[in-house]
Number of protein chains: 2
Amino acid sequence: MNGLMMSGKLLISSLIVHADRHHGDTEIVSRRVEGDMHRYTYRDCHRRTRQLANVLTGLGVKGSDRVATLAWNGYRHMELYYAISGMGAIIHTVNPRLHPEQVTYIANHAEDQYLFFDLTFLPMVKLIAARCPTVKAFVAMTDRAHMPQDAGIANLLCYEDLMEAASDDYVWPTFDEDTASTLCYTSGTTGNPKGVLYSHRSTLLHTYAAALPDALNCSARDVILPVVPMFHVNAWGLPYIACMVGAKLVFPGAGMDGRSLYELLETEHVTMAAGVPTIWQGLLSYVETNDVNFSTVTRTVIGGAACPPAMLRKFQDDFGVQVLHAWGMTELSPLGTVCALKSRQLKASPEERYAVQAKQGRAVFGIDMKIVSEDGHALPWDGKTAGELLVRGPWVANSYFRNEGDAGLQMDTNGNGWFPTGDIANIDADGYLQITDRNKDVIKSGGEWIGSIDLENIAMGHPAVFMAACIAVKHPKWDERPLLVVVRKPGIALDRDALLAFYEGKIAKWWTPNDVVFVDALPMGATGKVLKNKLREQFIDYAFPTG
Amino acid sequence: MNGLMMSGKLLISSLIVHADRHHGDTEIVSRRVEGDMHRYTYRDCHRRTRQLANVLTGLGVKGSDRVATLAWNGYRHMELYYAISGMGAIIHTVNPRLHPEQVTYIANHAEDQYLFFDLTFLPMVKLIAARCPTVKAFVAMTDRAHMPQDAGIANLLCYEDLMEAASDDYVWPTFDEDTASTLCYTSGTTGNPKGVLYSHRSTLLHTYAAALPDALNCSARDVILPVVPMFHVNAWGLPYIACMVGAKLVFPGAGMDGRSLYELLETEHVTMAAGVPTIWQGLLSYVETNDVNFSTVTRTVIGGAACPPAMLRKFQDDFGVQVLHAWGMTELSPLGTVCALKSRQLKASPEERYAVQAKQGRAVFGIDMKIVSEDGHALPWDGKTAGELLVRGPWVANSYFRNEGDAGLQMDTNGNGWFPTGDIANIDADGYLQITDRNKDVIKSGGEWIGSIDLENIAMGHPAVFMAACIAVKHPKWDERPLLVVVRKPGIALDRDALLAFYEGKIAKWWTPNDVVFVDALPMGATGKVLKNKLREQFIDYAFPTG
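From a predicted model like this one, the values you see are computed outputs, not experimental measurements.

J.: A description of the overall build of chain A should follow, citing residues and the corresponding values.
T.: Counting its regular elements, chain A contains 16 helices and 26 strands. Here the C-alpha radius of gyration of chain A, 24 Å, is about what a compact globule of 547 residues would show, namely 24 Å. Along the first, second and third principal axes, the C-alpha atoms of chain A reach 75 × 65 × 45 Å. For chain A, the proportion of its 547 residues judged to be buried stands at 64%. Taking the intrachain contacts of chain A between residues at least 6 apart in sequence as the baseline, contacts between residues at least 24 apart amount to 67%.

J.: Go over the pairing of strand β5 (residues 114-117) of chain A with me, naming the residues and quoting the values.
T.: All names here are of chain A. Side chains of β5 alternate between two faces, with Tyr-114 and Phe-116 and Leu-115 and Phe-117 buried alike. Bridge analysis of strand β3 (residues 66-70) against β5 gives four bridges, and the strand direction is parallel. Directly across from Ala-68, in β5, lies its bridge partner Leu-115. Here four bridges tie β5 to strand β6 (residues 137-140), and the two strands are oriented parallel to one another. Directly across from Leu-115, in β6, lies its bridge partner Phe-138. In this view, the connection linking β5 to its parallel neighbour β6 by way of helix α5 (residues 122-128) has right-handed handedness.

J.: Give me the lowdown on the packing of helix α9 (residues 258-267) of chain B against helix α10 (residues 277-289) of chain B, citing residues and values where you can.
T.: All names here are of chain B. The geometry of α9 relative to α10 is characterised by a closest axis approach of 8 Å and an angle of 80 degrees between their N-to-C directions. Taken together, the axes of α9 and α10 lie roughly perpendicular to each other. Of the residues in α10, those touching α9 at Gly-258, Arg-259, Leu-261, Tyr-262 and Leu-265 are Ile-279, Gly-282, Leu-283, Tyr-286 and Val-287. In the contact of α9 with α10, the residues fall into seven nonpolar, two polar and one charged.

J.: Got a sec to walk through the relation of the copies chain B and chain A? Specific residues and values, please.
T.: Of the two same-sequence chains, chain B is brought onto chain A (RMSD 0.0 Å, axial shift 0.0 Å) by a rotation of 180 degrees. Such a turn and shift between the copies fits a two-fold axis. Within chain B, the C-alpha atom positioned nearest to the axis of rotation is that of Leu212(B), 2.5 Å from it. When the interface residues of chain B are mapped onto chain A, 99% of them are again interface residues, pointing to one common binding face.

J.: Break down the interface of chain B and chain A for me, citing the residues and quoting the values.
T.: When the parts of a complex come together, some accessible area is lost, and that lost area is often taken as the interface size. With 79 residues of chain B at the interface, the matching set in chain A holds 79 residues. With both sides pooled, the region where chain B packs onto chain A buries about 6,000 Å², and carbon together with sulfur makes up 58% of that total. Here chain B and chain A share six salt bridges between them. Note that Arg344(A) is salt-bridged to Asp25(B), the shortest N-O span being 3.7 Å. Counting every contact that joins chain B to chain A gives 28 residue pairs in polar contact (both at pLDDT 80 or more). Going through the elements one at a time, α1 (13-23), β9 (195-199), α7 (200-211), α8 (238-245), α12 (343-346), β16 (362-363), β18 (387-392) and β20 (417-427) of chain B are the ones with two or more residues in the side of chain B that touches chain A. A total of seven residues in the side of chain B that touches chain A trace back to one element, the largest contributor, which is α7(B). Its residues assigned to classes, the side of chain B that touches chain A shows 41 nonpolar, 23 polar and 15 charged.

J.: An account of the side chain of His109(B) is needed here, citing residue identities and associated values.
T.: Residue and element names in this part refer to chain B. In this fold, His-109 is placed in helix α4 (residues 100-110). For His-109, a relative accessible area of 11% puts it in the buried group. Side chain to side chain, His-109 and Tyr-185 meet in a polar contact 2.7 Å long.

J.: Summarise the nonpolar core; cite the residues concerned and give the values.
T.: Formed by 288 residues in total, the largest nonpolar core has its most connected members in Met78(A), Phe294(A), Met78(B) and Phe294(B). Setting aside residues no more than four positions away along its own chain, Phe294(A) makes contact with Tyr262(A), Leu265(A), Glu266(A), Leu283(A), Val287(A), Phe315(A), Phe319(A) and Val321(A). Counting 33 residues, the second-largest nonpolar core is a separate cluster that includes Ala110(B), Ile128(B), Cys132(B) and Ile153(B).

J.: Can you lay out the packing of aromatic side chains for me, pointing to particular residues and giving the numbers?
T.: A full pass over the atoms with the stated rule returns 33 aromatic pairs over all chains. Here the aromatic rings of Tyr170(A) and Trp172(A) are separated by 5.0 Å at their centres, their planes lie at 65 degrees, and the arrangement is edge-to-face. When the ring of Phe365(A) is compared with that of Tyr208(B), the centres are 5.7 Å apart and the planes differ by 65 degrees; the resulting orientation is edge-to-face. One end of the pair, Phe365(A), is in the loop between β16 (362-363) and β17 (368-372); the other, Tyr208(B), is in helix α7, on a second chain. Among the aromatic residues, those joined into a cluster by ring pairs are Tyr262(A), Trp280(A), Tyr286(A), Phe294(A), Phe315(A) and Phe319(A). Lying across the ring of Trp418(B), Lys370(B) places its NZ or CZ 4.4 Å from the centre.

J.: Explain the pattern of salt bridges residue by residue, including any values.
T.: All told, the structure shown has 68 salt bridges over all chains when counted by the stated rule. Its salt-bridge partner being Asp214(B), residue Arg362(B) comes within 3.1 Å of it at the nearest N-O pair. Taken as a pair, Arg362(B) in strand β16 and Asp214(B) in the loop between α7 and β10 (223-226) lie far apart in primary sequence, 148 residues in all. The same class applies to Arg362(B) and to Asp214(B), which are both buried. The network of salt bridges with shared partners includes Glu34(A), Arg48(A), Arg76(A), Glu79(A) and Glu160(A).

J.: Provide a residue-level description of the confidence of the model for chain A, including the pertinent values.
T.: When the pLDDT values of chain A are averaged, the result is 93; 98% of them are 70 or greater. Here the predicted complex scores 0.92 on pTM and 0.91 on ipTM.

J.: How would you sum up the pairing of strand β9 (residues 195-199) of chain A? Please name residues and give values.
T.: Residue and element names in this part refer to chain A. Counting buried residues along β9, five of its five residues qualify, which places the element largely inside the surrounding structure. Residues of β9 alternate between two faces, with Gly-195, Leu-197 and Ser-199 on one and Val-196 and Tyr-198 on the opposite face, all of them buried. In this sheet, β9 lies alongside strand β8 (residues 180-185) in antiparallel orientation, the contact comprising five bridges. Paired with Tyr-185 across the strands is Gly-195, a residue of β9.

J.: Now, about the sheet that holds strand β8 (residues 180-185) of chain B: what can you tell me, with residues and values included?
T.: Residues and elements named next belong to chain B. Read across the open sheet, the seven strands follow the order β7-β6-β5-β3-β4-β8-β9; overall the sheet is mixed. Two strands in the sheet have a free side with no partner beyond their single neighbour: β7 (156-158) and β9. Across the sheet, the mean angle from the axis of one strand to that of its neighbour is 25 degrees, orientation sign disregarded. With three bridges joining them, strand β6 (residues 137-140) and β7 adopt parallel strand pairing. Residue Ala-140 lies in a different strand from β7, and its bridge partner there is Cys-158.

J.: Could you give an account of the environment of Asn54(A), naming the residues involved and the relevant values?
T.: All names here are of chain A. Here Asn-54 is to be found in helix α2 (residues 42-58). Spatially, the C-alpha atoms of Asn-54 and Asn-234 are 23 Å apart, while their sequence positions differ by 180 residues. Aside from chain neighbours lying at most four places away, what touches Asn-54 is Ala-166, Ser-167, Asp-168, Asp-169 and Tyr-170.

J.: Help me get a handle on the sheet that holds β8(A), residues and values and all.
T.: All names here are of chain A. Strand order across the open sheet formed by seven strands is β7-β6-β5-β3-β4-β8-β9, with mixed pairing between neighbours. Every interior strand has two partners, whereas the edge strands, β7 (156-158) and β9, have only one. Along the sheet, successive strands turn relative to each other by an average axial angle of 25 degrees, direction set aside. Here helix α4 (residues 100-110) sits on the sheet and contacts β3, β4 (90-93) and β8; the angle it forms with β8, its principal contact strand, is near 155 degrees.

J.: Got a sec to walk through the state of the cysteines? Specific residues and values, please.
T.: Residue and element names in this part refer to chain A. The final tally for this structure, using the stated rule, is zero disulfides over all chains. There is no disulfide at Cys-45, and the cysteine sulfur nearest it, in Cys-243, is 6.4 Å away. Exposure remark for Cys-45: the relative accessible area of 0% places this residue in the buried category.

J.: Could you give an account of α4(A), with specific residues and numbers?
T.: Residues of α4(A) that are buried: Val103(A), Thr104(A), Ile106(A), Ala107(A), His109(A) and Ala110(A). The first or second residue beyond α4(A) is Glu111(A), which carries a positive phi of 55 degrees.

J.: Can you explain the environment of Asp176(B)? Please cite residues and give values.
T.: Residue and element names in this part refer to chain B. Mapped onto the fold, Asp-176 is located in the loop between α6 (159-164) and β8. The partly exposed category is assigned to Asp-176, whose relative accessible area is 44%. In this structure, the C-alpha to C-alpha distance between Asp-176 and Val-356, residues 180 residues apart in sequence, is 41 Å. If we ignore the near neighbours within four places in the chain, the residues touching Asp-176 are Lys-9 and Leu-11. Engagement of the side chain of Asp-176 in a polar contact is seen with the backbone nitrogen of Asp-178, the distance being 2.7 Å.

Thresholds applied
Residues numbered from 1 in each chain as written. Chains lettered and ligands numbered in written order. Predicted model: local features only at pLDDT ≥ 70, side-chain atom pairs only at ≥ 80, totals over all residues. Heavy atoms only, no water. Helix = DSSP H or I, 4+ residues; strand = E, 2+ residues; numbered from the N terminus. Rg over C-alpha atoms; globule rule 2.2 N^0.38 Å. Buried < 20%, exposed > 50% of the residue type's maximum accessible area, 1.4 Å probe, protein only. Contact = heavy atoms within 4.5 Å. Pairing = 2+ DSSP bridges. Right-handed = clockwise from strand over helix to strand, strands pointing away. Axes fitted to C-alpha atoms, helices over the stretch in contact; angles between N-to-C directions. Parallel < 35°, antiparallel > 145°, perpendicular 65-115°, else oblique. Nonpolar A, V, L, I, M, F, W, Y, C, P; charged D, E, K, R; others polar. Least-squares fit on C-alpha atoms with pLDDT ≥ 70 in both. Buried area = accessible area lost by both parts, 1.4 Å probe. Salt bridge = Lys/Arg side-chain N within 4 Å of Asp/Glu carboxyl O. Polar contact = N/O pair within 3.5 Å; in protein donor to acceptor, adjacent residues only side chain to side chain. Core = buried A, V, L, I, M, F, W, Y, C linked by side-chain atoms within 4.5 Å. Phe/Tyr/Trp six-rings, centres within 6.5 Å; stacked < 30°, edge-to-face > 60°. Lys NZ or Arg CZ within 6 Å of the ring centre and 35° of its normal. pLDDT = per-residue confidence, 0-100. Disulfide = S-S within 2.5 Å.

Okay, here's the thing in structure tokens:
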């Protein structure tokens with residue numbers, strides 16, 4: 001027997017409708033690639049989103065068509081998020097930091113019908129335009145005055161010209177909530193990128209869960225700055241969360257350096273910012289160098305890679321900004337866990353609290369997780385035993401887009417499929433997850449595992465270290481041993497022995513890296529993570545000092 | 001094209017599983033009808049819930065069977081919530097404050113298979129047992145030592161005896177999320193009570209929405225005391241919310257007086273309590289009389305009836321307890337709106353803030369609302385124009401249980417059905433709802449409407465008034481005029497003229513009640529609301545003083 005409740009489908013269009021009706025005069029502020037700041041309200045945004053839906057209809061876009069974007073975080077990107085998904089088509093956010101070959105591969109694999117781009121990415125569009133036969137037109141996200149001249153792109157359209165000609169009279173259609181809404185390819189450090197295809201249902205459920213007090217804790221009193229890009233995993237869902245709760249949104253555009261971010265945080269009274277550790281490293285450098293403070297930011301969400309404990313302490317102790325450590329993946333929409341404390345921990349000593357906060361946190365409701373041994377058996381939640389992390393839930397990928405097969409799900413005895421994350425982790429009795437490594441990054445020394453993240457976190461705690469990565473290098477006796485690759489802060493002296501001595505007492509002695517190499521920069525991937533496979537290639541012939 | 005995400009069904013069993021895994025040692029504390037306090041953890045609760053599922057299976061309960069409860073808020077009731085719904089059957093929570101005739105009607109209408117009851121309600125069970133032919137057994141929610149002797153009930157079972165014999169080895173089944181989970185009858189002040197049948201899906205979506213920061217804002221750091229009964233609209237969803245977020249739960253059992261509640265709030269370090277205004281009136285009286293304070297409570301959720309502004313100020317100004325004014329209905333699972341402030345209002349003057357907080361608040365995401373004129377046209381959101389409130393959303397009733405027809409839905413031009421709430425309300429430009437009256441309680445004076453809630457709120461602001469209700473009484477010239485019925489506080493003098501003079505300057509002069517009648521008590525309904533239809537009957541022959 002079914003319940004007797006309204007069907008009430010979970011559709012993305014309902015988010016922008018809600019924001020308009022309940023938060024019509026709340027602002028969306030964007031730093032534009034044209035150079036200036038743009039301000040408007042949710043009411044304006046919804047009106048223009050309806051206009052854009054008419055534009056897309058006029059261009060012949062229909063259900064299930066993929067419409068691609070190559071764009072920064074900004075209001076026009078927001079309009080595309082809601083117009084494309086809202087009308088029943090699929091927004092395909094392309095990561096502009098990928099190699100042009102990969103972008104071409106992705107656009108063709110997705111069979112994108114249109115591609116909208118910020119002017120920054122005109123060079124990329126010029127490179128790929130002739131090689132993307134399914135794309136009917138490339139739309140520059142700007143007005144007539146800023147349109148590029150003689151771009152040499154066969155079918156180039158102007159966003160604001162199209163908008164000007166369109167009516168704002170549009171009623172959002174109703175359809176099945178399992179309908180695909182959004183396509184995002186994994187960064188694909190090995191092999192071709194694979195497409196994760198989100199649905200309206202998965203997006204709405206993720207939005208509810210991610211906004212909860214013990215997740216990102218978002219309300220109408222927040223001013224949210226998503227530093228995490230809208231071109232990758234929906235900026236962690238923040239463009240959806242902001243509409244659900246009516247938070248003011250501040251979009252940084254292309255200004256991702258410490259100074260630009262700091263100015264935006266201050267002038268727009270931002271309360272919460274979200275990004276990867278490398279971005280925060282730049283921001284903290286700026287703030288410390290210029291001896292300034294945060295006056296409105298109360299919390300930062302840090303994910304995408306493990307947050308070094310030193311960064312955690314700096315934010316909290318030096319600047320009074322609470323850190324919410326989080327973990328997610330493209331295949332998880334992306335949110336899996338957030339490190340919100342329990343009451344007991346609030347009463348604990350600062351050291352105990354920091355030990356918990358260094359973990360990636362508890363599963364948000366909707367995500368089930370477990371760690372398993374190499375033969376697939378569930379391991380205990382004791383905070384020590386490490387195994388591969390498996391997850392399941394209504395916003396976890398089941399398979400990849402078009403002929404890429406399933407997502408390698410592992411079935412349990414109840415017939416439930418679990419997604420193998422490729423992360424090695426432990427989980428404590430309170431349900432706090434700690435990622436100790438990527439499966440492929442773990443260092444296998446004499447039959448035991450050494451977690452590279454632990455070693456990196458310690459190095460990052462040294463005042464002279466700007467960035468550090470730890471990789472496995474072949475060793476004649478131990479099979480593999482850790483090599484630490486370090487970027488020093490400018491103007492501070494640090495040598496190998498001093499850094500290795502810094503490990504003493506912080507970790508089992510046999511975990512200590514065998515050597516340190518200083519470099520000018522680490523190779524970074526398209527989503528702001530260190531590319532350890534590149535590092536391993538670079539140091540493939542490295543030989544540890546003997547003795 | 002569908003998204004490629006896991007199906008991840010929304011099932012109630014996942015809540016208790018999550019609470020066990022992530023908050024296994026968090027407590028559930030209950031004041032028992034046996035007289036003592038009971039404490040256990042979510043892990044214990046889940047274990048016993050699995051045992052109970054085996055008990056029910058052993059009793060022959062299967063999918064869609066209704067299993068009734070007549071019980072206070074307590075841990076055994078919690079076990080029944082999760083065991084019955086979790087196994088795919090339907091928990092039917094019966095309001096023990098209803099007349100035995102109504103309880104009999106409801107049990108027969110629902111075709112309940114079993115009825116679980118707290119010992120308090122043994123007299124009720126004795127009255128109805130022989131007249132409920134579908135009920136195979138009545139289960140006393142107690143242990144062998146407390147079982148009633150010679151109760152004269154043909155098939156009487158003991159809860160703890162059944163539990164003792166049952167294994168805790170039980171795997172929660174998976175089924176369609178639209179499956180019915182819970183049945184709750186409206187209080188039915190006119191006509192027979194009507195059954196609202198919730199589903200797993202509606203319950204889970206309601207739980208997500210109700211826990212959001214701008215709704216009830218619940219986290220693992222909360223200690224929640226639901227004064228609102230589990231026998232009516234699921235204690236506003238708190239037994240589900242607590243599991244989702246891992247909050248400690250404190251159940252008051254039968255101790256609903258000011259002193260019992262106050263002691264529980266203090267000894268269990270409660271952070272949030274939820275109830276109707278009449279309950280808070282008793283608590284505040286106790287606290288003021290005894291000159292004590294709240295040491296851990298940070299907020300109260302007040303709903304079920306409009307919160308008088310005087311109570312709002314007392315909680316906030318005198319005791320530093322934030323009031324969350326909310327509105328809901330049985331047909332809404334129950335949450336519709338919560339009055340969380342926006343940033344702009346936080347900066348406003350206290351008077352402006354109180355004016356907003358006196359409203360019932362903004363729609364939680366998932367609920368659409370509108371106000372319509374008598375001919376069904378949507379009215380503007382200007383904070384003044386009043387009309388009937390219509391709502392829709394995935395946790396709003398579509399129709400009533402068994403042959404009661406639909407819920408009188410009104411269709412809009414897009415083919416969406418809206419539930420008519422029977423409430424008269426205005427909505428302001430920020431989306432804040434204010435209920436001005438029940439449709440049937442509004443006073444029609446000379447062709448204009450007078451809102452009875454406004455008149456009651458003013459009276460409740462007088463220091464000598466304990467409770468007040470305002471009803472329409474026939475008037476020879478104006479058709480209807482307001483009559484104020486008042487319960488005075490003990491030991492404080494107050495007469496008619498002084499109270500009427502208190503209205504001066506607070507309201508349009510022609511709204512002032514024509515007369516005041518002092519009574520010893522107001523007739524209260526089964527859900528803690530004043531029964532205005534009883535009052536109107538009582539004063540049907542009343543004649544206003546002439547002149």
